[in-house]
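Commentary on secondary and tertiary structure
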Amino acid sequence: MVLRREPTARQMRLGIELRRLREAAGLTAVDAAALLGAGRVQISHIEAGIVGVSEERVRRLASHYACTDEEFIDALVAMATDRTRGWWEEYRGLLPTSFLDLAELDHHAAFLHEVAILYVPGLLQTEDYARAVFSARVPELTDEELELRVQHRLRRQQLRMPYELVIHESALRIRVSDRAASRAQLTKLLGLSEADDITVRVIPFDLDGFARAASAMTYAGGPVPKLDTVVRDVPHGSAFIDSEAQLSAFRTRFRKVEAVSLDPERSRDFIDRLAKEL
């Protein structure tokens with residue numbers, strides 16, 4: 001049994017879901033270990049994502065836990081048997097793990113819903129915009145650290161999935177760099193908004209209902225709703241939220257934010273006007 005020194009967020013999520021199933025069934029780690037003919041420590045390691053678990057064991061545990069949601073079980077099996085070594089692994093040891101976990105989340109997401117208040121989201125940033133954002137970090141990054149972050153961000157943008165963004169006017173107006181960089185960023189955002197898989201909606205300053213959009217978030221859709229994830233920025237990086245109660249609250253929050261925003265066509269007109277003002 002090889003222990004993982006640094007399990008990924010996806011590996012830890014699998015363990016969390018298996019623990020939730022066990023607890024919902026009213027079983028202890030000792031009970032689960034007995035069902036597999038294993039030790040309690042091994043169950044603890046599986047639930048912490050420290051060791052892998054086979055398809056056969058995932059299905060046996062789900063059966064013992066009386067889980068009848070076949071689609072959910074199949075999704076857990078896919079997580080357990082996935083051997084993808086994505087491009088982000090090239091950055092392991094070079095960037096904080098939160099960068100790698102975000103790229104992995106993007107790769108497996110069925111869709112992304114995002115609310116942006118102060119910055120254009122990373123997946124839509126120009127290189128100059130991204131460099132300006134990372135350059136503002138305190139303490140300052142070395143040139144090598146800065147370039148690694150910018151490079152990683154641009155590589156994340158190569159992925160395509162249904163993406164819906166609700167962005168506040170403040171994020172469109174704040175100049176993280178100079179006038180030219182801001183104009184280029186708005187031009188890129190305008191072009192991306194024409195893509196079939198990208199929807200951009202704007203909340204202008206003079207639109208009612210801003211309180212509903214007072215908090216930024218990224219909502220990543222999983223293979224089944226139970227495996228959705230919300231990402232929030234925190235001082236040390238990114239926080240992944242996955243409890244059903246919180247996911248439900250964030251789904252509702254996104255719908256309310258979307259409801260008070262401009263429609264896509266009016267949003268494009270709004271962004272175009274701002275770009276021409278620069």
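Residues numbered from 1 in each chain as written. Predicted model: local features only at pLDDT ≥ 70, side-chain atom pairs only at ≥ 80, totals over all residues. Heavy atoms only, no water.

1. What about the overall build of the chain?
What counts, and what does not: Strands are runs of DSSP state E lasting at least two residues, helices are runs of H or I lasting at least four, and both sets are numbered from the N terminus onward. Burial classes follow relative accessibility: with a 1.4 Å probe on protein chains only, a residue under 20% of its type's maximum area counts as buried, one over 50% as exposed, and anything between as partly exposed. Computed by Shrake-Rupley with a 1.4 Å probe, the accessible areas treat only the displayed protein chains as cover when residues are assessed. Here the positive residues are Lys and Arg and the negative ones are Asp and Glu; neither His nor the chain ends is included. We put the charge of a Lys on NZ, of an Arg on CZ, of an Asp on CG and of a Glu on CD.
Along its length, the chain carries twelve helices and six strands. Overall size of the chain, expressed as C-alpha extent along the three principal axes, is 70 × 40 × 30 Å. Per-residue burial over the chain gives 45% buried out of 278 residues. When the accessible surface of the chain is split by element, carbon and sulfur atoms take 51% of a total near 14100 Å². Averaged over its 38 positive side-chain charges, the chain has a centre that lies 2 Å from the centre of its 43 negative ones.

2. Regarding unusual backbone geometry
Cis geometry marks the peptide bond from V138 to P139; its omega dihedral reads 0°. Considering the arrangement of structural elements, one finds P139 in the loop between α7 (127–135) and α8 (143–156). We note that A66 has phi near 60°; this positive angle belongs to a residue other than glycine. With respect to the helices, strands and loops of the structure, A66 is situated in the loop between α4 (55–64) and α5 (70–81).

3. As for the pairing of strand β4 (residues 217–221)
Threshold: Strands pair, by our definition, only if DSSP identifies at least two bridges between them.
Counting buried positions over the five residues of β4 gives five, a clear majority of the element. Direction of pairing for strand β1 (residues 111–116) relative to β4: antiparallel, over a ladder of five bridges. Residue H113 lies in a different strand from β4, and its bridge partner there is Y219.

4. Looking at the packing of aromatic side chains
Under the convention used in this document: Classification of ring pairs rests on two measures: the distance between centres of Phe, Tyr or Trp rings, Trp counted by its six-membered ring, which must be within 6.5 Å, and the angle between planes, read as stacked under 30 degrees, edge-to-face over 60 and tilted in between.
Enumeration according to the criterion identifies four aromatic pairs in this entry. With a centroid separation of 5.9 Å and an interplanar angle of 75°, the aromatic rings of W87 and W88 are classed as edge-to-face. The partly exposed category is assigned to W87, whose relative accessible area is 22%. In textbook terms, an aromatic cluster arises when at least three aromatic residues are bridged by ring pairs, as seen for W87, W88 and Y91.

5. Points about helix α10 (residues 179–192)
Short version of the rule: Any helix carries an expected span of 1.5 Å times its number of residues minus one. Two N or O atoms form a polar contact when they lie within 3.5 Å of each other; inside protein one atom must be a possible hydrogen donor and the other a possible acceptor, and for residues adjacent in sequence the pair counts only when both atoms belong to side chains.
Relative to the 20 Å expected for 14 residues at 1.5 Å per residue, α10 spans 20 Å between its end C-alpha atoms, a close match to the ideal helical length. All of the buried residues along α10 are A181, S182, Q185, L186, L189, L190 and L192. Two or three places before A180, at the start of α10, stands the capping residue D178, its side-chain oxygen 3.3 Å from that residue's backbone nitrogen.

6. Some words on the nonpolar core
Which entries qualify depends on this criterion: For the purposes of this section, nonpolar cores are sets of buried Ala, Val, Leu, Ile, Met, Phe, Trp, Tyr and Cys residues that join through side-chain atoms within 4.5 Å. Two residues qualify as a contact provided that any one of their heavy atoms is within 4.5 Å of a heavy atom in the partner residue.
By size, the foremost hydrophobic cluster in this structure holds 29 residues, and its most contacted members are L124, L165, I167, L172, L189 and I271. Contributing elements (two or more residues each) for this core: α6 (97–108), β1, β2 (163–168), α9 (169–173), α10, β3 (198–203) and α12 (264–277). Contact partners of L124, with chain neighbours within four places excluded, come to Q157, Y163, L165, Q185, K188, L189, L192 and I198. Counting residues in each nonpolar core, the second largest holds 25 residues, with L18, A33, L36 and V53 among its members.

7. Digging into the pattern of salt bridges
Convention followed: Salt bridges are defined by distance alone: a side-chain nitrogen of Lys or Arg within 4 Å of a carboxyl oxygen of Asp or Glu.
Applying the stated criterion to the full structure yields 26 salt bridges. Residue R160 pairs with D197 through a salt bridge whose shortest N-O separation is 3.9 Å. Here D197 lies in the loop between α10 and β3 and R160 lies in the loop between α8 and β2, a separation of 37 residues in the sequence. Overall, R160 belongs to the partly exposed group, its relative accessible area being 46%. Between R173 and E277 there is a salt bridge, and its shortest N-O distance comes to 3.7 Å. With R173 in helix α9 and E277 in helix α12, this residue pair connects regions lying 104 residues apart in the sequence.

8. Observations concerning a nonpolar patch on the surface
Where we set the bar: Residues form patches when they are more than 30% accessible in relative terms and have no salt bridge. Like charges link within 9 Å. Nonpolar side chains (Val, Leu, Ile, Met, Phe, Trp, Tyr) link within 5 Å.
A cluster of nonpolar side chains, namely L118, Y119 and I174, defines an oily patch on the protein surface of about 280 Å² accessible area. Along the chain, I174 turns up in the loop between α9 and α10. A relative accessible area of 34% means that I174 is categorised as partly exposed.

9. Describing α7
Of all the residues in α7, the buried ones are Y129, A130, A132 and F134. Buried positions along α7 lie against α6, α8, α9 and α10.

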